[in-house]
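Read off the chains here:
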Amino acid sequence: MRIPILQRLASGEVLIADGATGTMLQAAGLPTGTPGEAWVLEQLEVIMKLHRAYVEAGSQLILTTTFGGTRARLKAAGLDIQVAEINRCAAELARQVAGDDLYVAGDIGPTGEMMVPLGPLTYEAAVELFVEQAHALAAGGVDCIYIETMSDLNEAKAAVEGARQGCDLPVFCTFSFDTHGRTSMGVSPTQAAQAMATLGVPAIGANCGHAPEELLDILPQMRQTAPDAYLIAKPNAGVPRMVKRQVVYDATPERMAELACRYVELGARIVGACCGSSPAHIAAIQVGLLRFLSA
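Definitions and cut-offs
- Residues numbered from 1 in each chain as written.
- Predicted model: local features only at pLDDT ≥ 70, side-chain atom pairs only at ≥ 80, totals over all residues.
- Heavy atoms only, no water.
- Pairing = 2+ DSSP bridges.
- Helix = DSSP H or I, 4+ residues; strand = E, 2+ residues; numbered from the N terminus.
- Buried < 20%, exposed > 50% of the residue type's maximum accessible area, 1.4 Å probe, protein only.
- Right-handed = clockwise from strand over helix to strand, strands pointing away.
- Axes fitted to C-alpha atoms, helices over the stretch in contact; angles between N-to-C directions.
- Parallel < 35°, antiparallel > 145°, perpendicular 65-115°, else oblique.
- Left-handed = near helix turned anticlockwise from the far one by under 90°.
- Contact = heavy atoms within 4.5 Å.
- Nonpolar A, V, L, I, M, F, W, Y, C, P; charged D, E, K, R; others polar.
- Expected span 1.5 Å × (residues − 1).
- Core = buried A, V, L, I, M, F, W, Y, C linked by side-chain atoms within 4.5 Å.
- Patch = residues over 30% accessible without salt bridge, like charges linked within 9 Å, V, L, I, M, F, W, Y side chains within 5 Å.
- Areas by Shrake-Rupley, 256 points an atom, 1.4 Å probe, with all protein chains shown as cover.
- Salt bridge = Lys/Arg side-chain N within 4 Å of Asp/Glu carboxyl O.

Looking now at the sheet that holds strand β7 (residues 230-235). Within a beta sheet, neighbouring strands are joined by backbone hydrogen bonds and run either parallel or antiparallel to one another. As summarised here, the arrangement of the eight strands in space is β1-β10-β7-β6-β5-β4-β3-β2, forming an open sheet in which the pairing is parallel. At either margin of the open sheet sits one strand with a lone partner, and together these are β1 (15-16) and β2 (61-63). Bridge analysis of strand β4 (residues 144-150) against strand β5 (residues 171-175) gives four bridges, and the strand direction is parallel. Within β5, the residue paired with Y146 across the bridge is F172.

Across the five residues of β5, five count as buried, placing the element largely inside the fold. Residues of β5 alternate between two faces, with V171, C173 and F175 on one and F172 and T174 on the opposite face, all of them buried. Between the parallel elements β4 and β5, the chain passes through helix α8 (residues 153-166) in a crossover that is right-handed. Between the parallel pair β5 and strand β6 (residues 203-208), the chain is carried across by helix α9 (residues 189-198), and the sense of this crossover is right-handed.

So, about the packing of helix α6 (residues 83-98) against helix α7 (residues 123-139). Where α6 contacts α7, the axes come no closer than 7 Å and their chain directions differ by 40 degrees. With respect to α7, the axis of α6 lies oblique. The handedness of the crossing between α6 and α7 is right-handed. From α6, V83, A84, N87, R88 and A91 reach across to α7, where they touch E132, Q133, A136, L137 and A139. Class assignment of the residues belonging to the contact of α6 with α7 gives a composition of six nonpolar, two polar and two charged.

On to α7. An α-helical turn contains 3.6 residues, so a residue and the one three or four places further along point in the same direction. Counted at 1.5 Å a residue, the expected span for α7 with its 17 residues is 24 Å, and the 24 Å between its end C-alpha atoms agrees. Among the residues of α7, A126, V127, L129, F130, Q133, A134, A136 and L137 are the ones counted as buried. On its buried face, α7 sits against α5 (71-75), α6, β3 (103-108), β4 and α8.

Right, let's get into the nonpolar core. Ranked by size, the top nonpolar core spans 81 residues in total, and within it I145, I147, M196, I204, V271 and L289 carry the most contacts. No other element matches the nine residues that α6 contributes to this core. In contact with I145, not counting residues within four places along its chain, are G106, I108, A134, L137, A163, C167, P170, V171 and F172. Counting 15 residues, the second-largest nonpolar core is a separate cluster that includes A105, C144, Y230 and I232.

Turning our attention to a nonpolar patch on the surface. Together, M114, L118 and M185 make up an exposed nonpolar region whose accessible area comes to about 290 Å². Looking at the element boundaries, M185 is found in the loop between β5 and α9.

With that settled, the discussion passes to the pattern of salt bridges. Here the structure, examined in full by the defined rule, presents nine salt bridges. Ionic pairing is found between D143 and R95, a salt bridge with its closest N-O pair at 2.5 Å. Of this pair, D143 sits in the loop between α7 and β4 while R95 sits in helix α6, placing them 48 residues apart in sequence. Look at D143 and you get buried, because its relative accessible area is 14%. Its relative accessible area of 15% is what places R95 among the buried residues. As a salt-bridge pair, E213 and R255 come within 3.1 Å of each other at their nearest N and O atoms. Of this pair, E213 sits in the loop between β6 and α10 (215-225) while R255 sits in helix α11 (residues 253-265), and the two are 42 residues apart along the sequence.

With that settled, the discussion passes to α11. With 13 residues, α11 extends 19 Å between its outermost C-alpha atoms, agreeing within 8% with the 18 Å of an ideal straight helix rising 1.5 Å per residue. Within the sequence span of α11, burial applies to M256, A257, L259, A260, C261, Y263 and V264. Directly after α11, the chain includes G267, whose backbone phi takes a positive value near 110 degrees.

Worth remembering: the numbers are spatial, not functional.
Right, here's the structure in full:
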């Protein structure tokens, strides 16, 4: 039986998260332009197969397939009326695979809309969107709410507030730094860490982004700013490039394993991978960290 995730992290243990969801589902046949959330209700076994592959590779923390699960993002695919069902079902599918021993994180991504004053989405409306999603994920049995790929500081704050209003689970938050060490909205690692620390978010970090090597600079900045937070490292598998009309990521499983050990040296306590990664990357990370931590 698993102990609460924050208690597990407090023990000093490093948890291995999973890898990419979107690119893996596309490889499994998800049509271009179709959100992965559509398969939560249509292709249940495919979703569970993805989770199983990561668990078999060594993941101890798997994310639900709900990155675009807010009502705002689901509306574009005509799925907004099923927002609660999709999020709850995704959580239940992940929980079935994780069982009683592993952890499930309720994945929440950006709304896809610009916030005031750059766009129409108000802070209050954003909070409502995140409350709805977090509540459904909690109902499905997740262990924590995992907010990721944030670039707008106000949206990240709204997501944290919404998650806390929607449930009483721990809330984690990671940002995507991809423009000269800042998010696309100009947020630095120090600013992100300071804002999340002020809100009392226990686990913070970076995901997606440009190149995995960049986390070697980002993590120390976050650790210095928020020394009590558990750091999360979940970068892309290298820089994507086009090869024969297909997107290819450069980082091999071996390279990601090397970097994972360096992330842990810098204080990371949750380590995984993002776009372009696969169970092979997670398996390599698992082996690499086992050797590193037992040395």
